[in-house]
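Chain and residue survey
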Amino acid sequence: MPTSAGEPLLRVAGLSSGYGKIGVLRGIDLVVGPNEVVALLGPNGAGKTTLLRAVSGLLPWSGTVQFDGRDLSGAGPREAAKAGLVHVIEGHRIFTQQSVYDNLLLGAYDLPRGERAARVEEALDYFPEIAEKRHERAVALSGGQQQMLAVAQGLVRRPKLLMLDEPSAGLSPVLVDRVFVVVRRLRESGTAVLLVEQLIEKALALANRVYALARGSIVLEANTGEADLPNRLERAYFATARSND
Ligand SMILES: Nc1ncnc2c1ncn2[C@@H]1O[C@H](COP(=O)(O)OP(=O)(O)OP(=O)(O)O)[C@@H](O)[C@H]1O
Ligand SMILES: [Mg+2]
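What comes next is a walk through the structure. (Residues numbered from 1 in each chain as written. Chains lettered and ligands numbered in written order. Predicted model: local features only at pLDDT ≥ 70, side-chain atom pairs only at ≥ 80, totals over all residues.)

Counting its secondary structure elements, the protein contains 9 helices and 10 strands. In terms of C-alpha radius of gyration, the protein reaches 18 Å, essentially the compact-globule figure of 18 Å for 245 residues. Judged by the C-alpha coordinates and their principal axes, the protein covers about 50 × 40 × 40 Å. The buried share among the 245 residues of the protein stands at 41%. Taking the contacts inside the protein whose residues are at least 6 apart along the sequence as the reference set, 66% of them involve residues at least 24 apart. (Helix = DSSP H or I, 4+ residues; strand = E, 2+ residues; numbered from the N terminus. Rg over C-alpha atoms; globule rule 2.2 N^0.38 Å. Buried ≥ 20, exposed ≤ 12 C-beta atoms within 10 Å, placed from the backbone. Contact = placed C-beta atoms within 7 Å.)

L40, A152 and L195 are the most contacted members of the largest nonpolar core, which totals 66 residues. The biggest single contributor to this core is helix α6 (residues 143-155), with 6 residues. Counting contributing residues per domain, this core is built from domain 1 (1-84 + 159-245) and domain 2 (92-158), each supplying no fewer than three. Excluding residues that lie within four positions of it along the chain, L40 makes contacts with K48, L51, L194, L195, V196, Y211 and L213. (Core = buried A, V, L, I, M, F, W, Y, C linked by C-beta atoms within 7 Å. Domains from an automatic or database assignment.)

Bringing the sheet that holds strand β9 (residues 209-214) into the picture now. The strand order across the open sheet formed by 6 strands is β6-β7-β8-β3-β9-β10, and the pairing between neighbours is mixed. In the strand order of this sheet, the two ends are held by β6 (85-88) and β10 (217-223), each with one partner. On average, each strand axis in the sheet is inclined to that of its neighbour by 15 degrees, with strand direction left out of account. On the sheet, helix α1 (residues 48-55) packs against β3 (37-41), β6, β7 (161-165), β8 (192-196) and β9 and is oriented at approximately 150 degrees with respect to β7. Sheet contacts for helix α7 (residues 173-188): β3, β7 and β8; angle to β8, the most-contacted strand, approximately 150 degrees. (Pairing = 2+ DSSP bridges. Axes fitted to C-alpha atoms, helices over the stretch in contact; angles between N-to-C directions.)

What follows is the structure in structure tokens.
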């Protein structure tokens, strides 16, 4: 249950999804409240990316997905993004031959013309290191900066919920901390975040609540303030590893 009062921003209930005949997720129940940071953890291959893909309309699913009071049945990624649900996919996907600035403008493609430049500035404000390089082609950015550009591209839309799939993957420790600072700032500004992470301790330090996913099912749901959480998570992971043998 969300810790914040009232309706959740995102409500997923009884969701199943996969790739064609390959079922990956079974009966997923998950909520994200407005202003909440929720961590989604789990071993490799658990289905975390698949869950984000399903929720953002990149994969077909069955069950219920409600977002901001709307039923997202049949909604594609554009409709989800229009509703304020933005998914920054695993591994950055940016246009390397375009400038940093143009990449961000592309993120704002369907916003009113007069608003685009302001939205791009707003997003760049989170990432001074790429703001400096706004006129350079994205290929000139380091891998970590490209990852930041992908997050900034999501922020241009001023999302109500930002779903980040391993935003720290492949980053140097300094850049990892920068990404977590950005998530904290988003939380402070009232943006909800669903964060898939392998850096468990860092994710738990930032999140209000956590779900652990293993083999396509939610195996643990907790407030991050709960006692013994690291051990409980470990047991949830290990139980899965044993049943995989
Ligand atoms: N395009 C695909 N076609 C078929 N099966 C896939 C596809 N992508 C992922 N899978 C399978 O779905 C399952 C869940 O994968 P998914 O990528 O969602 O896991 P994950 O929790 O994000 O893992 P990781 O931590 O490695 O990113 C795995 O068994 C994987 O092999
Ligand atoms: Mg993944």
